Amino acid sequence: MNAAIVDDSAEDIELLCSYLSRYSREHNVHMYIEKFTDEDAFLNAVGDTAYHLVFLDIYLKRTTGLQIAKKVQKRDPRCQIIFTTVSQEHAPVAFRLHVLDYLVKPYGYMYLKDAMDHFEVSVSRLSHYIELKEGRDRTRVPVSDIIYTDYSNHYIQVHTDSCIIRSHMSFHDFRPMLSSYPNFLWCYRNCMVNMDFIESYTDRAFLLKNRECIPIAAARKREILQTYADYIFDSHTEKGKGLRT
């Protein structure tokens, strides 16, 4: 999960990061956090990164978190926002923006935990997860975060933007966990790729948006490329329907 913290107080950022680290450990959530003390730097990053959750201070250097929230929602309506501020006075306006939560500083860990539990419930309604055993713990991985998976030394490796999750299991047992999702393609030996992350391809490999290359099995090349072409065609057709309604 990609998260961002936007706050002009470095001390407040570090406290929130410590709370989020604790929550991640206790709930087996993988979270990649970016920190911003400058709102313009954050807005520039929003164009390049899809954030699942943003923590916004309301009192910033050149503008307010309320104005930033409106811009974020226009760029990515799926992004959830939690305000963090020293005053309750903006709460009515904040909730009219349909933000997820509103934390008044100084707040303790349990308030953050409640907000994150609210986020988990909200996201679970829109997203799908797979659950993997990583060491002694079980980890939930949003399907939309998976770029590709491969297999090495008896471990399934699930590659996301923020990390690689390794789980001791066979590809035979793992493959059905993703086979029901139309965007996953079994393209090479024990490898599955999320077609939403494919940038281009040759007759030997897929080039992903993160610049990695995933090989295409020579024996199944025609079938694999046809499946990818069908997926792209269906995706464009669905988008076209959405534009007309």
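Residues numbered from 1 in each chain as written. Predicted model: local features only at pLDDT ≥ 70, side-chain atom pairs only at ≥ 80, totals over all residues. Heavy atoms only, no water.

Of all hydrophobic cores here, the largest spans 24 residues; its most connected members are F42, Y51, V54, L56 and F83. If you list the elements that add at least two residues to this core, you get β1 (2–6), α2 (39–46), β3 (53–57), α3 (65–75), β4 (80–85) and α4 (91–96). Judged by nonpolar contacts, the second largest core, of 23 residues, contains I5, F55, I82 and Y109. (Core = buried A, V, L, I, M, F, W, Y, C linked by side-chain atoms within 4.5 Å. Buried < 20%, exposed > 50% of the residue type's maximum accessible area, 1.4 Å probe, protein only. Helix = DSSP H or I, 4+ residues; strand = E, 2+ residues; numbered from the N terminus.)

This next bit is on unusual backbone geometry. For the bond from K105 to P106, the omega torsion is -5 degrees, close enough to zero to count as cis. In this fold, P106 is placed in the loop between β5 (101–104) and α5 (109–124). Located in the positive-phi region is N153, a residue other than glycine, with phi close to 50 degrees. With respect to the helices, strands and loops of the structure, N153 is situated in the loop between β8 (146–152) and β9 (155–160).

Here the focus is the environment of S87. Within the secondary structure, S87 is located in the loop between β4 and α4. Taking the C-alpha atoms as reference points, S87 and E199, separated by 112 residues in sequence, lie 45 Å from one another. Leaving out residues up to four positions away in the same chain, S87 has contacts with Y59, Y102 and V104. In terms of polar contacts, S87 uses its side chain to reach the backbone amide nitrogen of E89, at 3.1 Å. (Contact = heavy atoms within 4.5 Å. Polar contact = N/O pair within 3.5 Å; in protein donor to acceptor, adjacent residues only side chain to side chain.)

On to the pattern of salt bridges, then. Applying the stated rule across the entire model yields 11 salt bridges. Salt-bridge contacts for E26 lead to R22; the nearest nitrogen and oxygen are separated by 2.9 Å. Of this pair, E26 and R22 are both found in helix α1 (residues 10–27), four residues apart, which corresponds to roughly one turn of the helix. With relative accessibility at 43%, the residue E26 sits in the partly exposed group. Under the relative-accessibility criterion, R22 is labelled partly exposed at 36%. Through salt bridges that share partners, D7, D12, D57 and K105 make up one connected network. (Salt bridge = Lys/Arg side-chain N within 4 Å of Asp/Glu carboxyl O.)

In a regular helix each residue adds 1.5 Å, so 18 residues correspond to 26 Å; α1 covers 26 Å between its end C-alpha atoms and thus fits that length. Taken residue by residue, α1 has I13, L16, C17, Y19, L20, Y23 and S24 as its buried positions. Along the axis of α1, the buried positions cluster into a sector of 165 degrees, meaning they face one direction only. Within α1, the exposed residues directed more than 90 degrees away from the buried face are E11 and R25. Following α1 by one or two positions, N28 has its phi on the positive side, about 55 degrees. (Expected span 1.5 Å × (residues − 1). Arc of directions from axis to C-beta.)

The next thing to look at is the side chain of Q80. Mapped onto the elements of the fold, Q80 is located in strand β4. Contacts of Q80, omitting those with residues within four sequence positions, involve H52, L53, V54, L100, F119 and S122.

In this section: the confidence of the model for the chain. Low pLDDT marks stretches whose predicted atomic positions should not be read closely. Summary statistics for the chain give a mean pLDDT of 88 and a share of 94% for residues scoring 70 or more. Here residues 239–245 is modelled with pLDDT under 50, and outside its nearest four sequence neighbours on either side it reaches zero contacts, counting other chains as well. (pLDDT = per-residue confidence, 0-100.)

What the five strands build is an open sheet, ordered β2-β1-β3-β4-β5; its pairing is parallel. The sheet terminates laterally at β2 (32–36) and β5, the two strands that pair on one side only. The sheet shows a mean angle of 15 degrees between the axes of neighbouring strands, direction not considered. Taken together, the four bridges between β1 and β3 define a ladder with parallel strand orientation. Counted as the bridge partner of V6 is L56 from β3. Each of β3 and β4 is contacted by α3, which is oriented at about 175 degrees to β4, the strand it contacts most. (Pairing = 2+ DSSP bridges. Axes fitted to C-alpha atoms, helices over the stretch in contact; angles between N-to-C directions.)

This part is about the pairing of β4. Within β4, six of the six residues are buried, leaving the element largely enclosed by the surrounding structure. Burial along β4 is two-sided: the residues Q80, I82 and T84 and I81, F83 and T85 are all buried. Across four bridges, β4 lies against β5 in parallel orientation. Bridge pairing in β5 links F83 to Y102. This β-α-β element, β4 to α4 to β5, shows right-handed connectivity. (Right-handed = clockwise from strand over helix to strand, strands pointing away.)

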